[in-house]
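A look at the structure
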Amino acid sequence: MTEQAKTDGTKVAVLGIGVMGAPIARNLLRASFDVTVWNRTKEKAEALAAQGAYVASSPAEAASDVEFLITMLTDGAAVEAAMTGPEGALTALPPDAVWIQMSTVGVAATQRLAKLAVQRVGFVDAPVSGSSEPAERGELLILASGSPALRPRVRPLFDALGHRALWLNRLGDGNRFKLVLNNWLAVLTEGMAETIGLAESLGLDPDLLLDTLAESPLGSAYAIAKGHAMVQRDFTPGFPLHHAGKDAALALDAAHGHGIDLPLTEALSKRWDKAIVLGHANDDVAAAITTAR
């Protein structure tokens, strides 16, 4: 059986058509899934209608008669609001459906959402690592956790969206691991911003810095890419700063809940909050450079 035969006509709803949700929906359409989309700002969802998606007027309408439902929303509160209430998706989601929760919402919110799903539908915690560009290419890293029985069912979707699905042991480990990875991303980003700020303050060419780092073990592809965006002051959003700041706050909450400190994350979180106040909320995380000097 071909992959197209496996996916043709399979109904999927995507709630949240933003920086990540839109390319996810597009890749599902390319893989011949039958896709329904919903977004709080309907215009964003309507942009996918020309590509074959059906635009629902409510989460409940989107969830009706689907086999899979994906949530890719800003935070735990937004996911919960879309899933519950009289127009929430859980009112209409068939009992044999699988809810794939791909938003980065943290540990506590994941536990709350999993409880909503218990004895109603299957639930897979599956946040993704990667920004809008790998999302467009279908090259995300999917950090999945949930019942092993659901793995073969969701595999065709994951194959359409990512280059790898990393299955973790405990339900909720997907979001736990995402916080760990994004904490590393945050430290790399702030470190690059401060280092470029130092180089510029000392009258050095920041491009020379980036070229030197790229040719040595000190560099990383991610940090170098963000460094070039910082030098060029190109803040086209791949990973918006306010999302990155939210994830840093979630990492801090998780750390404090386990009695450990993250002093680097504490410090950068305050600086990023300042950059957000200065108007860079929807700019790429590379806008961290704006408060580095």
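Preceding this paragraph is the structure being described.
These numbers come from a predicted model, not from an experiment.

Calculation criteria
- Residues numbered from 1 in each chain as written.
- Predicted model: local features only at pLDDT ≥ 70, side-chain atom pairs only at ≥ 80, totals over all residues.
- Heavy atoms only, no water.
- Helix = DSSP H or I, 4+ residues; strand = E, 2+ residues; numbered from the N terminus.
- Rg over C-alpha atoms; globule rule 2.2 N^0.38 Å.
- Buried < 20%, exposed > 50% of the residue type's maximum accessible area, 1.4 Å probe, protein only.
- Contact = heavy atoms within 4.5 Å.
- Areas by Shrake-Rupley, 256 points an atom, 1.4 Å probe, with all protein chains shown as cover.
- Lys, Arg positive; Asp, Glu negative; His and termini not counted.
- Charge placed at Lys NZ, Arg CZ, Asp CG, Glu CD.
- Core = buried A, V, L, I, M, F, W, Y, C linked by side-chain atoms within 4.5 Å.
- Pairing = 2+ DSSP bridges.
- Right-handed = clockwise from strand over helix to strand, strands pointing away.
- Axes fitted to C-alpha atoms, helices over the stretch in contact; angles between N-to-C directions.
- Parallel < 35°, antiparallel > 145°, perpendicular 65-115°, else oblique.
- Left-handed = near helix turned anticlockwise from the far one by under 90°.
- Patch = residues over 30% accessible without salt bridge, like charges linked within 9 Å, V, L, I, M, F, W, Y side chains within 5 Å.
- Salt bridge = Lys/Arg side-chain N within 4 Å of Asp/Glu carboxyl O.
- Nonpolar A, V, L, I, M, F, W, Y, C, P; charged D, E, K, R; others polar.

Moving on, we come to the overall build of the protein chain. Within the protein chain, the regular secondary structure consists of 13 helices and nine strands. Relative to the compact-globule value of 19 Å for 293 residues, the protein chain shows a C-alpha radius of gyration of 20 Å, a close match. If you line up the protein chain on its principal axes, its C-alpha atoms span 60 × 45 × 35 Å. Counting only residues that meet the buried cut, the protein chain has 53% of its 293 residues in that class. Long-range contacts, defined as pairs at least 24 residues apart, comprise 65% of the intrachain contacts of the protein chain with a sequence gap of at least 6. When the accessible area of the protein chain is evaluated, it comes to approximately 13,500 Å², of which 55% is carbon and sulfur surface. Both charge centroids of the protein chain, one from 25 positive and one from 33 negative side chains, sit 5 Å from each other.

By size, the foremost hydrophobic cluster in this structure holds 35 residues, and its most contacted members are Leu 28, Val 37, Ile 70, Ile 100, Met 102 and Phe 158. Counting only elements with at least two residues in this core, the list comes to β1 (11-15), α2 (21-30), β2 (34-38), β4 (68-71), β5 (98-101), β8 (140-146) and α8 (151-161). In this structure Phe 158 touches Ile 100, Met 102, Val 124, Ala 126, Ile 142, Ala 144, Ala 165 and Trp 167, once residues within four positions along its chain are discounted. Phe 239, Ala 244, Ala 288 and Ala 292 belong to the second-largest nonpolar core, a separate cluster that totals 28 residues.

Take the pairing of β2 next. Judged by how many residues are buried, β2 sits mostly within the fold: four of five residues are covered. Summarising the sheet, β1 and β2 pair through five bridges and their orientation is parallel. The residue bridging Leu 15 from the neighbouring strand is Trp 38, located in β2. With α2 bridging β1 and its parallel neighbour β2, the resulting β-α-β unit is right-handed. Here β2 runs beside strand β3 (residues 54-55); their pairing, made up of two bridges, is parallel. Directly across from Thr 36, in β3, lies its bridge partner Tyr 54.

Our next topic: the packing of helix α9 (residues 173-201) against helix α11 (residues 221-232). Running from N to C, α9 and α11 cross one another at 45°; their axes reach a closest spacing of 9 Å. Judged by the angle between their axes, α9 and α11 are oblique. The interaxial crossing formed by α9 with α11 has right-handed handedness. Residues Leu 185, Leu 188, Thr 189, Met 192, Ala 193 and Ile 196 of α9 pack against Tyr 222, Ala 223, Ile 224, Gly 227, Met 230 and Val 231 of α11.

Let's shift gears to the environment of Ala 248. Structurally, the position occupied by Ala 248 is in helix α12 (residues 241-257). We classify Ala 248 as buried; its relative accessible area is 4%. Taking the C-alpha atoms as reference, Ala 248 lies 24 Å from Leu 15; in sequence the two are 233 residues apart. In this structure, Ala 248 is in contact with Thr 265 and Leu 268, ignoring residues within four places of it in sequence.

Moving on to a negative patch on the surface. Negative charge collects at one region of the surface, where Asp 205, Asp 207, Asp 211 and Glu 215 lie side by side. As for its placement among the helices and strands, Asp 211 is situated in helix α10 (residues 206-214). According to the relative accessible area criterion, Asp 211 is partly exposed, its value standing at 40%.

The next subject is the pattern of salt bridges. One pass over the structure, following the stated rule, counts 13 salt bridges. Among the ionic pairs, Arg 271 bridges to Glu 190, the shortest N-O distance being 3.2 Å. Taken together, the residues span a long stretch of sequence, with Arg 271 in helix α13 (residues 263-280) and Glu 190 in helix α9 at a distance of 81 residues. Taking the relative accessible area as the measure of exposure, Arg 271 reaches 28% and is therefore partly exposed. On the accessibility criterion, Glu 190 (4% relative accessible area) is buried.

Attention now moves to the side chain of Thr 265. Inspection of the secondary structure puts Thr 265 in helix α13. By relative accessible area, which is 2% here, Thr 265 ends up buried. Ignoring sequence-local partners within four residues, the contact set of Thr 265 consists of Asn 183, Val 187, Ala 248 and Leu 252.

The interhelical angle for the contact between helix α5 (residues 76-83) and helix α6 (residues 107-117), taken along N-to-C directions, is 10°, at an axis separation of 10 Å. Between α5 and α6, the angle is such that the two are roughly parallel. Judged by the twist between their axes, the crossing of α5 over α6 is left-handed. Residues Gly 76, Val 79 and Glu 80 of α5 form the contact with α6, whose own contacting residues are Ala 109, Arg 112, Leu 113 and Leu 116. Broken down by class, the residue content of the contact of α5 with α6 amounts to four nonpolar, one polar and two charged.

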